[in-house]
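# Chain and residue survey
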Amino acid sequence: MTDMNGKVALVTGASRGIGAATARAFAEAGAKVALVARSGDAIAEIAGEIGPDAAIAIPCDISRYWEVRAAIDACVKTFGGLDVLVNNAGVIEPISHLATSDPDGWGQAIDINLKGVFHGMRAAIPVMRETGGGTILTISSGAAHRPIEAWSHYCASKAGVAMLTRCADEEERGNGLRVMGLSPGTVATEMQREIKASGVNPVSELDWSDHIPPEWPARALLWLCGPDGDAYLGEEISLRDEEIRRRIGLSQ
Ligand SMILES: NC(=O)c1ccc[n+]([C@@H]2O[C@H](COP(=O)([O-])OP(=O)(O)OC[C@H]3O[C@@H](n4cnc5c(N)ncnc54)[C@H](OP(=O)(O)O)[C@@H]3O)[C@@H](O)[C@H]2O)c1
C-alpha cells in the first residue's frame, strides 16, 4: 500500500460511494483527509469515524468556484498543505434523451462533472506549485470515449474531464504536478442505483453483481499516488484492465 504519512489529500464527493471509500483508504494509509460534498452531515459523520485529528469535513458545492477555493484554503489552513486532490464528485442525473432534455438540468450536470473538476484544478494548482508538486486525480468513464443513450450530458462532461486531465498534465508536469485519470468500470454505488432506476440503455440492465465495490477504485487512486503511478502521467488507467488490476493487487 502507498504510504501517505505526512501527506494531505482532499477528496470531492466524499459523502458516499467511491469518494467515501477513497477518504477512508487514504486515511488508513496515513494521510490527513479533507472530505468535500454538499451533504454536510454525511461527511461530518465519516470524518468523525476516521478521527478528528486525521479528517475534516468541508461542505461545498463544487459547481461554485468560490466554494471550492474556500474548501482548499480551509484544508491548507487545517493540515498545512495539499498533496493530493481527488476530483471524484459527479452526477448521472438528469438521464434523458437529447430531444427531451431539460437545458438547465443538462447544464447543471456540466457545471458539476466538468466545471467542478476545473474548479478543483484551478484552485489546487497554484497551491501545489508553491510547495513543489502534488497529485491531481480525476475519475473518468467508458462514457468519456463512447456515446451512451440518454447520457449526452454525462458523456460530454466525462470526455471534457479526460481532456482537462491531459491539459493539466501538459501544463503542469514540468512544475512537479502528477495528473492522471482512473476509469473504474461500473461500481456498486448510489449512481448505479439511479442508472438502474432509469431503465434506459444497457448499463441500466446490468446486474448488481456485475459492479465492483467502491473500495477497488479507492485502492487504485491510492496506488496512483505512489511511484507506480508515474508510468501513467497525463493518461487514464482502466480498472477493467486485468493487468492493471494485477499491478494494484486487486487480482492474482
Ligand atoms: N458508479 C459507477 O459505476 C461509476 C463509473 C464510472 C465513473 N464514476 C464516477 O465516479 C465518481 C463518483 O461516483 P459514485 O459512483 O461514487 O457516485 P455517488 O455514490 O452518487 O456519489 C457521488 C458523490 O458526488 C457528490 N456530489 C455530487 N454533486 C456534487 C456537488 N455539486 N458538489 C459536491 N459534491 C457533489 C455527492 O455528494 P453530495 O450529494 O452530498 O454533494 C457524492 O458524494 C463520479 O465522478 C462518477 O461519474 C462512477
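Residues numbered from 1 in each chain as written. Predicted model: local features only at pLDDT ≥ 70, side-chain atom pairs only at ≥ 80, totals over all residues.

## A few points about the packing of helix α4 (residues 103-113) against helix α6 (residues 152-172)
Following both chains from N to C, one finds α4 and α6 inclined at 25°, their axes separated by 9 Å at the closest point. The angle between α4 and α6 falls in the class roughly parallel. Between α4 and α6 lies a crossing of right-handed hand. Contacts from W106, A109, I110 and N113 of α4 reach α6 at H153, Y154, S157, K158 and V161. (Axes fitted to C-alpha atoms, helices over the stretch in contact; angles between N-to-C directions. Helix = DSSP H or I, 4+ residues; strand = E, 2+ residues; numbered from the N terminus. Parallel < 35°, antiparallel > 145°, perpendicular 65-115°, else oblique. Left-handed = near helix turned anticlockwise from the far one by under 90°. Contact = placed C-beta atoms within 7 Å.)

## What to know about the site of the ligand
What surrounds the ligand is a group of 30 residues, the closest being G13, G17, R38, S39 and G90. Elements represented by at least two residues in the shell around the ligand include exactly α1 (17-28) and α7 (190-198). Residues that form the shell around the ligand fall into these classes: 13 nonpolar, 13 polar and four charged. (Near = placed C-beta within 6 Å. Nonpolar A, V, L, I, M, F, W, Y, C, P; charged D, E, K, R; others polar.)

## Remarks on the packing of α1 against helix α8 (residues 215-224)
Axis separation between α1 and α8 bottoms out at 8 Å; the angle between their running directions is 50°. By the angle between their directions, the pair α1 and α8 is classed as oblique. Here the hand of the crossing between α1 and α8 comes out right-handed. From α1, I18, A21, T22, A25 and F26 reach across to α8, where they touch E215, P217, A218, R219, L221 and L222.

## Points about the pairing of strand β5 (residues 134-139)
Judged by how many residues are buried, β5 sits mostly within the fold: six of six residues are covered. In β5, alternate side chains face the same way, and those of G134, I136 and T138 on one face and T135, L137 and I139 on the other are all buried. Across four bridges, the pairing between strand β4 (residues 84-87) and β5 is parallel. Across the sheet, V86 pairs through a bridge with L137, a residue of β5. Pairing between β5 and strand β6 (residues 177-183): six bridges, direction parallel. Across the sheet, I139 pairs through a bridge with L182, a residue of β6. With α6 bridging β5 and the parallel β6, this β-α-β connection has right-handed handedness. (Buried ≥ 20, exposed ≤ 12 C-beta atoms within 10 Å, placed from the backbone. Pairing = 2+ DSSP bridges. Right-handed = clockwise from strand over helix to strand, strands pointing away.)

## Topic: helix α3 (residues 65-79)
Between its first and last C-alpha, α3 extends 21 Å over 15 residues, near the 21 Å set by a 1.5 Å rise per residue. All of the buried residues along α3 are V68, A71, I72, C75 and F79. For α3, the arc enclosing every buried residue in end-on projection is 95°, short of the 170-degree limit, so these residues lie on one face. For α3, the exposed residues lying more than 90 degrees away from the buried face are W66 and K77. G80 lies just past α3 and shows a positive phi near 85°. (Expected span 1.5 Å × (residues − 1). Arc of directions from axis to C-beta.)

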